[in-house]
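Geometric and topological summary
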Number of protein chains: 2
Amino acid sequence: MTAQEGFAVDPWSVTEHRLDLAQLARSESVFALSNGHIGLRANLDEGEPHGLPGTYLNGVFELRPLPYPEGGYGYPESGQSVINVTNGKLIRLLVDDEPFDLRYGELHGHRRSLDFREGVLRREAEWTSPAGRTIRIRSSRLVSLTQRAIAAVDYEVEAVDGPVRIVLQSELVANEQLPNSDGDPRASAVLEAPLEAEAHHAHGTQGSLVHRTRFSQLRVAVGMDHVIEGPDGVSVTSESRHDQARINVTTVLQPGQRLRMVKFTGYGWSATRSVPAVRDQVEAAITAARYSGWDGLVAEQKAYLDEFWSSSDIEIDGDVELQQAVRFALFHVLQASARSEERAIPAKGLTGPGYDGHSFWDTETFVLPVLTYCLPGAVAQALRWRHSTLPLARERAAQLGLAGAVFPWRTIRGEECSGYWPAGTAAFHIGADIAVAAARYVRVTGDVDFERSYGLELLVETARMWRSLGHHDPTGRFRIEGVTGPDEYSAVADNNVFTNLMAQTNLRAAAEAVGRHQLEAAALGVDTEETAAWRDAAAAMFIPYDEKLGVHPQADGFTDHQLWDFEGTPQEKYPLLLHYPYFDLYRKQVVKQADLVLAMQLRGDAFSAEQKARNFAYYERLTVRDSSLSACTQAVIAAEVGQLDLAYDYTAEAALMDLHDLGGNTRDGLHMASLAGACIALVSGFGGLRDHGTVISFRPRLPAGLVRLAFSMRVRHHLLHVEITHERTDYTLREGDKLRIAHDDEELWVEVGAPVQRPTAVPEASERLPQPPGREPARRTSQAGPTTGSGVSSAEHLPAE
Amino acid sequence: MTAQEGFAVDPWSVTEHRLDLAQLARSESVFALSNGHIGLRANLDEGEPHGLPGTYLNGVFELRPLPYPEGGYGYPESGQSVINVTNGKLIRLLVDDEPFDLRYGELHGHRRSLDFREGVLRREAEWTSPAGRTIRIRSSRLVSLTQRAIAAVDYEVEAVDGPVRIVLQSELVANEQLPNSDGDPRASAVLEAPLEAEAHHAHGTQGSLVHRTRFSQLRVAVGMDHVIEGPDGVSVTSESRHDQARINVTTVLQPGQRLRMVKFTGYGWSATRSVPAVRDQVEAAITAARYSGWDGLVAEQKAYLDEFWSSSDIEIDGDVELQQAVRFALFHVLQASARSEERAIPAKGLTGPGYDGHSFWDTETFVLPVLTYCLPGAVAQALRWRHSTLPLARERAAQLGLAGAVFPWRTIRGEECSGYWPAGTAAFHIGADIAVAAARYVRVTGDVDFERSYGLELLVETARMWRSLGHHDPTGRFRIEGVTGPDEYSAVADNNVFTNLMAQTNLRAAAEAVGRHQLEAAALGVDTEETAAWRDAAAAMFIPYDEKLGVHPQADGFTDHQLWDFEGTPQEKYPLLLHYPYFDLYRKQVVKQADLVLAMQLRGDAFSAEQKARNFAYYERLTVRDSSLSACTQAVIAAEVGQLDLAYDYTAEAALMDLHDLGGNTRDGLHMASLAGACIALVSGFGGLRDHGTVISFRPRLPAGLVRLAFSMRVRHHLLHVEITHERTDYTLREGDKLRIAHDDEELWVEVGAPVQRPTAVPEASERLPQPPGREPARRTSQAGPTTGSGVSSAEHLPAE
């Protein structure tokens, strides 16, 4: 795909200049609006045509059976799937009794645009109906970042050529028909009409529907109210039934006359509250939104985003497309997490139904590290959600015969929903991913209250899990066996280096947190013998190393395995998991996604520079990037080992994943981890940020394609600005008192008003490392022209079918 | 269970002296009749009460969907389940219009008996109806070993106390209602009424039904004819409908008078033949059987069995219960295989629906080694069935990216039906199990025609598979990675010793067979480069060895794994697979069933005596015998390393598996492999038979509990008789010219008329080896009293749910 076919390149916005019906689902994801609580796919106001209708509420799901041909102890029996809840964004338009449908009549222009500083999706269209009437449409839509329960639409229709009778039907519709899915027919049946009607109401300009999911028993209330402006003689009626509430607005417009309707939609849901309670909460939210008015909502949105960008922007000179992509990425990461508030942040955010709406390790490993430095409150919320699921995680640990807590590989509410244990339950690293994210949050923010009330328990329960999962061998080494690391083309191996190093961090961080909160730790039953056992296990952690090759095997025995026949694998056989059996992938040297390389990023202190270089070169030859959770990590380590052009290519791949639909599945929702990963690639890759030590450290290196890279970071009460050019790096403290940082290996202090400059180092030129044939990242040759995606595939997780 | 509760101990028969309604399903399996083509569970003639109604035809199954919560490339989408076909053994009896039902009225006596020399299930009962009429029933039932399509019942009712009106309804009933199952409701739905009616007919004493399975499209025809003897005035009518054909016989019996009915039932099925063709074939079979008559069928049965026992009996002095059990075992192994004729021999034979009626590696590894020496024709048939599935196996190999043929882990017709690949597809050893069975058959029988037409291709295609599955590492060792060995508490490991040694045998045997049949091999595309590659891989085969411990790890890294916490595992948590997750079982040192120990039996030449002793002791501590496919192998190696009492205990466990219902699941069908294994335990354990060399060798050792052990073996045209006492072993050649054998390590010749005697060695006394706590085999202290089964569980294969 080229930009000509897709979205215009602009540093602050994404714009679509014409409507491509074949790509509707993709642009519905790209233009999706969300605040982390409500998610609206960018379906057209009038509902049809559509790619995939989608309205999501974070945490609202339906249960569905997980069938097994051969069952097993501890297999989850029930899955959770995000559902398309009541559509509250629908505004149908009749033009002289002909429905406004872009598939008929003549479309003179159609433009949609989303400005990241504004957070409003704007649409303009001019259309001549089959009967020959021409109208102009302008609509603007937002999901409020400041009023969590509220979405709103400002809809305006203008008669162009002569009197035209207009009917606007503003609706709430439950149980929308969805396009056919190929999945398990039983699962589809459950999810086809998941909402059971409980109450409906319409009066004047207001309407509401209350439904409940059949099996998960979640109550969902949706309400709407309207402000209507038009010529005299506008008639308003309303009606409701089980699955529909509708406000009908009718008038006749003369040429140049306009009918404007502002629609305020409110959402609420609860597992416990009654019908009147949930409906009242929604109607209160709508009342407040109506009080703010459309302009008020837009102004609040702008103010919220101004604040966000002022401390979170990543600026790039020299590659405007990458600049656009990274702001697109930050904007969507913000949308996914801003108001998720003790709910999970799903792998697709609330932009589509991909992966059943589940959250994975993506959140803690890719999304939270970005938010930690720019929106730390969202990190605390996300980790408080994990904390709220501790009772389920303890239950799961007990079921598996382990101490502490075992967090689910994939879930919406907290229960394990993975139906394939070698790539689910066995991926125990999720526990360390969460613990390490919590420890990082506390270290960077200094939020002692959070640590005391939430972080400590997360660390303690995961440390307990690791201590019971591993064991000391006769020579005293602590081994963790039969687990699956990040790379999903290996499974159930012994001593996965990533897992063991992350577990080591987890065990140490838990012991340290206990030292800071002894009273609370005692209440959790931790004594000094237990923390000593954690420290001992961490100190004795076994990290396999292949002396013959001088590299770390991803896990015991990995480097002895047969090499995948890359030469004999045609390009159309990627992603491999769709064309080769797991048994073959697992037993050979082929890597879906960074695993050992990710360990080198998150635990860089555990590797020498020489090891990093050798390991990276070794795994580059094996890594096919059949997951979108890989390019960003490869970018970071490529930059560290001096392969700056390669790092640049990987950065662009991560950043353009959705704008260029590189995985071919943007239609199912955006790749939040890849988008967040693009930010990591820039800040930790070219900025060289590492935070595993006691001091925030940088090793800035700029690829030839970039002229300048600048970013800000919140560290405790400081706001640090970093600006990198090929010549020098400027560290400027914008808020807070003195901050100690490291540049390359030099420690230095930065103060407000006393920026520090250091030369930006240039690594020695080295030959570009090879990848498996055909799996090389696209070379980013020119910043002006967009690249063509290749060698990237769709599945960052095993597909659920 | 004790014999008092179960079956009377007798060296040649099994007898039940009273009817235990709670144990009906168990005795239905124990008394099941089969010829390998037809299988009838021992349901009462009158149909009810029943434990589990069952009539099976080898190869008749229904397809059912295999659902996955998360799909994967190469997962089988469709399973095969044996179905209960039309019941042709039903004879209902009305006594003065009251149905003869043992649950009502008064039962004065009920006796069932099966004599292994006769092959007829005999039943006698005396019953007083609720209305006070007393009658006597005698029925005899057989499934003909000589007339493959025929089962017959000789049914006689006698009035005891006064005139009684008798109605006999002899029926064919399709789609019998089965007791509720707990499985997947969709699968149950498919299997609930699997037969669609195509034709029905009744006239005079004859009736027939033709049905077809809905999805597998197999046509099943059943017919019956009757010979009726009674007082004058017997009336016969007949009728039929879709799922039922019935012959009604009515008379009034005076005290002492009898009504006798001989029922001949014929079965036929076909995937291709038309309704008239299949029905005609059945009616022809019935005509022939009626021509033989009941007495003729009984005489043929007796003659067939006399011949079998004369060359196949295993005699034991000193333990009559074990004597009974081993003849029970031989009888059922015979029944399962006698006339299976190019169909699979299922894990349960045709005695019950357990494991969906699937065949596993059990056949080639446990059943065929026994048959090879006593019923070699059945071995040829079973292997010809495997050969007939080669097109499917080649397809499967191609799907998995391998050369040659990959045989299914579980199947009825030949397609892979395993829904859990780590314990299914990954168990590649099935290929070597088949190849080694074929090579053994050829070596023992000298059947060159078979080798040329069938064996060669089986060997070639499996050798090709191994060559493509393994690879040479940089040091030149041939490694086979990511496979699962026999032990189902480990999976997907590297260099499983059993697998690698069996693959080595497979590769070598293939190369040798090619040398003997160069023309045919060339037609299969084999050239000398290919056989050289096989020989090279076999020679370079990597066999891991743990130098520190001085034992062979079951697979790479096994001995480094954490020990299972046997002390902390309560007895009620066995079998472990029902109470612990696979992830935990797989990553720890705990063994479900003999794996390395089986390698030491089948490839004893690859281990020194010291290694065998150390390995056996090591794995005894780890082996929980949660599979019935273990005790027999442990018996063999226990005997070899001089642990004769332990071997004796294991032998008894294998032999009594079903008579004592040690696994608690005899109701689902008999454990054919365990029964065959009991014979192996005696002959290869105490007899010390090994056949992996060029000469048949023996190392006789007798445990204290046995006084004498004698058995015969067919080896090519020889019939060798071996008789072992504590003092000496007699080798007598009964047929054939000179035969070279080995006794201990001495090679000697045996000739007809010139028996050879050698002293029976007595191993040095050694301390009894320990097993995991609570998992010790029951001590066989007294030959007279029966033992109580303990520590044995139910699942020789992963359960299908």
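- Going by the annotation in an unreviewed UniProt entry, the name recorded for chain A is Glycosyl hydrolase family 65 protein, with Kitasatospora nipponensis given as the source organism.
- The UniProt entry for chain A carries the following text under Sequence similarities (unreviewed entry): "Belongs to the glycosyl hydrolase 65 family."

Remarks on the overall build of chain A
- Each helix and strand in chain A was counted, giving 18 helices and 31 strands.
- For a compact globule of 801 residues, the expected C-alpha radius of gyration is about 28 Å, and chain A comes in at 27 Å, within 12% of that figure.
- Considered along the principal axes of its C-alpha atoms, chain A spans approximately 85 × 60 × 55 Å.
- Taking all 801 residues of chain A together, 61% fall into the buried category.
- Residue pairs at least 24 apart in sequence account for 70% of intrachain contacts in chain A once pairs closer than 6 positions are excluded.

Notes on the UniProt feature "domain: Glycoside hydrolase family 65 C-terminal" (unreviewed entry) in chain A
- The sites that carry the UniProt feature "domain: Glycoside hydrolase family 65 C-terminal" (unreviewed entry) are, in the present numbering, residues 689-748 of chain A.
- Taken end to end, residues 689-748 of chain A is 0% helix and 58% strand, and its two terminal C-alpha atoms sit 15 Å from one another.

Here's the deal with the sheet that holds strand 30 (residues 746-750) of chain A
Residues and elements named next belong to chain A.
- Taken in spatial order, the three strands of this open sheet run 25-29-30, and their pairing is mixed. At either margin of the open sheet sits one strand with a lone partner, and together these are strand 25 (696-698) and strand 30. Direction aside, the axes of adjacent strands within the sheet are offset by 35° on average.

So, helix 15 (residues 609-620) of chain A
All names here are of chain A.
- Between its first and last C-alpha, helix 15 extends 16 Å over twelve residues, near the 16 Å set by a 1.5 Å rise per residue.
- Of all the residues in helix 15, the buried ones are Asn615, Phe616, Tyr618, Tyr619 and Glu620.
- Where helix 15 is buried, its residues contact helix 14 (596-602) and helix 16 (631-640).

Observations regarding unusual backbone geometry
All names here are of chain A.
- The omega angle of the peptide bond from Glu48 to Pro49 is -5°, so this bond is cis rather than trans.
- Relative to the helices and strands, Pro49 resides in the loop between strand 3 (38-40) and strand 4 (55-57).
- Note the cis peptide between Tyr574 and Pro575, where omega equals -5°.
- Here Pro575 shows up in the loop between strand 23 (562-563) and helix 13 (582-586).
- If you check the backbone angles, Arg625 has positive phi at about 50° while not being a glycine.

Parameters at a glance
- Note on numbering: residues in each chain are counted from 1, in written sequence order.
- Numbering of ligands from 1 and lettering of chains from A proceed in the order in which they are written.
- Local features in this predicted model are restricted to residues whose pLDDT is 70 or higher, and side-chain atom pairs enter the listing and the counts only when it is 80 or higher, whereas totals over whole chains, interfaces and linings include all residues.
- UniProt positions are given in the numbering used here, feature names are shortened, and annotations may be inferred rather than shown by experiment.
- Working definition: helices are DSSP H or I runs of at least four residues, strands are E runs of at least two. Numbering for both runs from the N terminus.
- Two things to know: the radius of gyration comes from C-alpha atoms, and the globule rule equals 2.2 Å times the number of residues to the power 0.38.
- Whether a residue is buried, exposed or partly exposed is read from the other C-beta atoms within 10 Å of its own C-beta, which are placed from the backbone; 20 or more gives buried, 12 or fewer gives exposed, and intermediate counts give partly exposed.
- Whether two residues are in contact is decided by their C-beta atoms, placed from the backbone, lying within 7 Å.
- Between any two strands, at least two bridges found by DSSP are needed for them to pair.
- In this analysis an axis means a line fitted to C-alpha atoms, helices contributing only their contacting stretch, and an angle means the value between N-to-C directions, from 0 to 180 degrees.
- Multiply 1.5 Å by the residue count of a helix minus one, and that product is the helix's expected span.

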